[in-house]
Amino acid sequence: MPHSAQASFVEVKTSPFHGRGLFAVAPISAGQTIAVYPLLVLSHEDTATVRSTLLHHYVFYVDERDDGTMRAAVAFGEISMCNHSPEANADFVVDGAAQTVTLSARMALKPGDEILIDYEEFADEII
């Protein structure tokens, strides 16, 4: 039985900003969901361990306790290749309960545009 699948809107290639990046391969409208990626949510203890590894640069933060300790999540898929920009052209929303992160276009993107997200308060720590 044939299976129909939607083609990806993105590809990973060399970035002029930093190493590899995520790029649009098709027009993407402002507000459009680019993709929803699964997360592996780590325990607080595993999050503390990951902070001392290279993987720390690729996690998303899920939640924070009253004492300030946070849980991180590893995202599976191309979203991990998104580079940072304070003038981001895409947004992400982490849903810890659903264990997903949703990437959407903040503005219209054309093929070849690098998809950039704002790492927010973690930018100085990660880049």
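None of these values were measured; they are calculated from a predicted model.

## Comments concerning a nonpolar patch on the surface
- Residues Leu-54, Leu-55 and Tyr-58 make up a contiguous nonpolar surface patch of roughly 290 Å² in combined accessible area.
- Mapped onto the elements, Leu-55 comes out in the loop between helix H1 (44-50) and strand E4 (59-64).
- Here Leu-55 falls in the partly exposed class, since its relative accessible area comes to 37%.

## A few points about the confidence of the model for the chain
- When pLDDT is averaged along the chain, the result is 87, and 89% of the positions lie at 70 or above.
- In the model, residues 123-127 has pLDDT below 50 throughout and makes nine contacts with residues more than four positions away in sequence or in other chains.

## Things to note about the sheet that holds strand E1 (residues 10-14)
- Taken in spatial order, the four strands make up an open sheet running E1-E2-E9-E6, and their pairing is mixed. Edge strands, defined here as strands with exactly one partner in the open sheet, are E1 and strand E6 (83-84).
- Pairing of E6 with strand E9 (residues 114-117), which is carried by two bridges, proceeds in the parallel orientation. By the bridge assignment for E9, Asn-83 is matched with Leu-116.

## Let's talk about the pairing of strand E2 (residues 20-24)
- Most of E2 is tucked away, with four of its five residues classed as buried.
- Note: E1 against E2, five bridges, orientation antiparallel. Residue pairing for E2: Glu-11 is matched across the bridge by Phe-23.
- Pairing of E2 with E9 involves two bridges; the strand directions are antiparallel. The partner of Leu-22 across the bridge, within E9, is Ile-115.

## Things to note about the nonpolar core
- Ile-28, Ile-34, Ile-79, Leu-103 and Ile-115 are the most contacted members of the largest nonpolar core, which totals 24 residues.
- Of all the secondary-structure elements, those providing two or more residues to this core are E2, strand E3 (33-41), E4, strand E5 (70-75), strand E8 (100-105) and E9.
- In terms of residue count, the dominant contributor to this core is E3 (five residues).
- Leave out the neighbours within four places in its chain, and Ile-115 touches Val-10, Leu-22, Phe-23, Ala-24, Ile-28, Ile-34, Cys-82, Asn-83, Asn-89, Ala-90, Leu-103 and Leu-109.

Scoring rules and cut-offs
Residues numbered from 1 in each chain as written. Predicted model: local features only at pLDDT ≥ 70, side-chain atom pairs only at ≥ 80, totals over all residues. Heavy atoms only, no water. Patch = residues over 30% accessible without salt bridge, like charges linked within 9 Å, V, L, I, M, F, W, Y side chains within 5 Å. Areas by Shrake-Rupley, 256 points an atom, 1.4 Å probe, with all protein chains shown as cover. Salt bridge = Lys/Arg side-chain N within 4 Å of Asp/Glu carboxyl O. Helix = DSSP H or I, 4+ residues; strand = E, 2+ residues; numbered from the N terminus. Buried < 20%, exposed > 50% of the residue type's maximum accessible area, 1.4 Å probe, protein only. pLDDT = per-residue confidence, 0-100. Contact = heavy atoms within 4.5 Å. Pairing = 2+ DSSP bridges. Core = buried A, V, L, I, M, F, W, Y, C linked by side-chain atoms within 4.5 Å.

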